[in-house]
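A closer look at the structure
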Amino acid sequence: VPLRLELCDPQLRRLALFFVQPVFPHLLGHDPGRAHGIDIPGAGAPRPARYLAVVGGQRLLQGILDLGEYTFNRITTGKFSIADGATIKIGGTNSFPDFGSSNNNYSFGTNSTTIYYGSTGSQTITPRDYGNLSLTGTNKTMGGGSNSTIKIFGDLTIGVGVTLAGSNSHTYELKKNWTNNGTYLPGGPNNKIVLNGTSDQVVSTDSVSSLIINKSSGIASISKSIKLAVNLIDSSGVFDISSFSVN
């Protein structure tokens, strides 16, 4: 799928391309004067050649943007959005691109995908309202400090060999499934997983601090036995443990 990255502010497109063009080899010869964005034709996931500083807002409309070990941060006002079906991949020890501290500066399509795949050290996961969130590589740490909430409108997948460490008071709100093929360390008694999607949801993990079922429709279920450090709260909805145990 070709990559399309749109520069949102028409007044800043020429200046923004001045920053973007030198670091994507695929863009050599691109005409900033006629640009309504950046099109990188062909399949695959092109990577920048160095760190990227951008002007204004950015929309990842389609394809895969693989940042490798480099950052992709704004230097003026603007928002970052990812459309349904598009994917951003973040390597090294980097967190999500910095477009400001407010969640209002970020927009994720519910069917978009964010992949943290760093394997050179611990990688911090920025609390955002993600579509699908996939963690591969090695160790990941949930960032944002105490009382942070990370919302995932799709699936959360912890890959083989990955350890995800939370803090004492992180809340994960999921609309779909939690799949743990690695290791999840809740980090403290105030850490919560909340299932609040409207379709069926499955949790596959070994242990959590607190599991909260808050569903207006659909069934929440588990695919293996779970150890709870604190409690299970079924505030609304159906929770099916099948032949497994929760204790």
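Residues numbered from 1 in each chain as written. Predicted model: local features only at pLDDT ≥ 70, side-chain atom pairs only at ≥ 80, totals over all residues. Heavy atoms only, no water.

Here we come to the overall build of the protein. Helix and strand content of the protein: 1 helix and 24 strands. Counting only residues that meet the buried cut, the protein has 47% of its 247 residues in that class. When contacts within the protein are restricted to residue pairs at least 6 apart in sequence, those whose partners lie at least 24 apart make up 35%. (Helix = DSSP H or I, 4+ residues; strand = E, 2+ residues; numbered from the N terminus. Buried < 20%, exposed > 50% of the residue type's maximum accessible area, 1.4 Å probe, protein only. Contact = heavy atoms within 4.5 Å.)

Attention shifts here to the nonpolar core. Ranked by internal contacts, the top residues of the largest apolar core, which has 40 residues, are Ile88, Phe96, Leu133, Leu135, Tyr172, Trp178 and Ile193. Leucine 135 has contacts with Tyr116, Ile125, Lys140, Leu156, Thr157, Ile158, Gly159, Val162 and Leu164, leaving out every residue within four places of it along the chain. (Core = buried A, V, L, I, M, F, W, Y, C linked by side-chain atoms within 4.5 Å.)

With that settled, consider the sheet that holds strand β20 (residues 183-185). Read from one edge of the open sheet, 4 strands run β11-β14-β17-β20, paired in parallel fashion. Lying at the two open borders of the sheet, with one neighbouring strand each, are β11 (123-125) and β20. Across the sheet, the mean angle separating the axes of adjacent strands is 25° when strand polarity is ignored. Across 2 bridges, strand β14 (residues 140-142) lies against strand β17 (residues 163-165) in parallel orientation. When the sheet's bridge partners are listed, threonine 141 is paired in β17 with alanine 165. (Pairing = 2+ DSSP bridges. Axes fitted to C-alpha atoms, helices over the stretch in contact; angles between N-to-C directions.)

Our next topic: the confidence of the model for the protein. In the predicted model, the protein carries a mean pLDDT of 81, and 77% of its residues have values of at least 70. Ignoring residues within four places in sequence, the model shows residues 10-23, a span with pLDDT below 50, making 37 contacts including any to other chains. Low pLDDT, under 50, characterises residues 25-43; the predicted model gives this stretch 44 contacts beyond four residues in sequence or across chains. (pLDDT = per-residue confidence, 0-100.)

This part covers the pairing of strand β18 (residues 171-174). Across 4 bridges, strand β15 (residues 149-152) lies against β18 in parallel orientation. Bridging across to β18, isoleucine 150 finds its partner in tyrosine 172. The sheet contact formed by β18 and strand β21 (residues 192-195) spans 4 bridges and is parallel. Its bridge partner being in β21, tyrosine 172 is matched across the sheet by isoleucine 193.

The subject of this paragraph is the pairing of strand β10 (residues 113-116). As a general feature of sheets, a regular strand has side chains that alternate between the two faces. Here 4 bridges tie strand β8 (residues 87-90) to β10, and the two strands are oriented parallel to one another. For threonine 87, the partnering residue across the bridge sits in β10 and is threonine 113. Bridge count between β10 and strand β13 (residues 132-135): 4 bridges; the pairing is parallel. Across the sheet, the residue bridging to threonine 113 is asparagine 132, located in β13.

The next thing to look at is the packing of aromatic side chains. Enumeration according to the criterion identifies 10 aromatic pairs in this entry. With 6.4 Å between their ring centres and 80° between their planes, tyrosine 116 and tyrosine 130 make a pair best called edge-to-face. In this pair, tyrosine 116 sits in strand β10 while tyrosine 130 sits in strand β12 (residues 129-130), placing the two residues 14 residues apart along the sequence. Looking at tyrosine 116, the relative accessible area reads 0%, which means it is buried. Judged by its relative accessible area of 0%, tyrosine 130 falls in the buried class. Lying across the ring of tyrosine 117, lysine 89 places its NZ or CZ 5.2 Å from the centre. (Phe/Tyr/Trp six-rings, centres within 6.5 Å; stacked < 30°, edge-to-face > 60°. Lys NZ or Arg CZ within 6 Å of the ring centre and 35° of its normal.)

Tallied over the full model, the rule gives 1 salt bridge. The partner of lysine 224 in a salt bridge is aspartate 206, with the nearest N and O atoms 3.5 Å apart. Residue lysine 224 is located in the loop between β23 (207-222) and β24 (227-240), and its partner aspartate 206 is located in the loop between β22 (201-204) and β23; the two are separated by 18 residues in the primary sequence. Since its relative accessible area comes to 42%, aspartate 206 is described here as partly exposed. (Salt bridge = Lys/Arg side-chain N within 4 Å of Asp/Glu carboxyl O.)

With respect to the helices, strands and loops of the structure, glycine 92 is situated in the loop between β8 and β9 (106-108). Glycine 92 gets classed as buried once you look at its relative accessible area, which sits at 15%. Note: C-alpha distance between glycine 92 and serine 122 (30 residues apart in sequence) is 8.6 Å. Here glycine 92 is in contact with Gly68, Glu69, Gly118, Ser119, Thr120 and Gln123, once residues within four sequence places are set aside.

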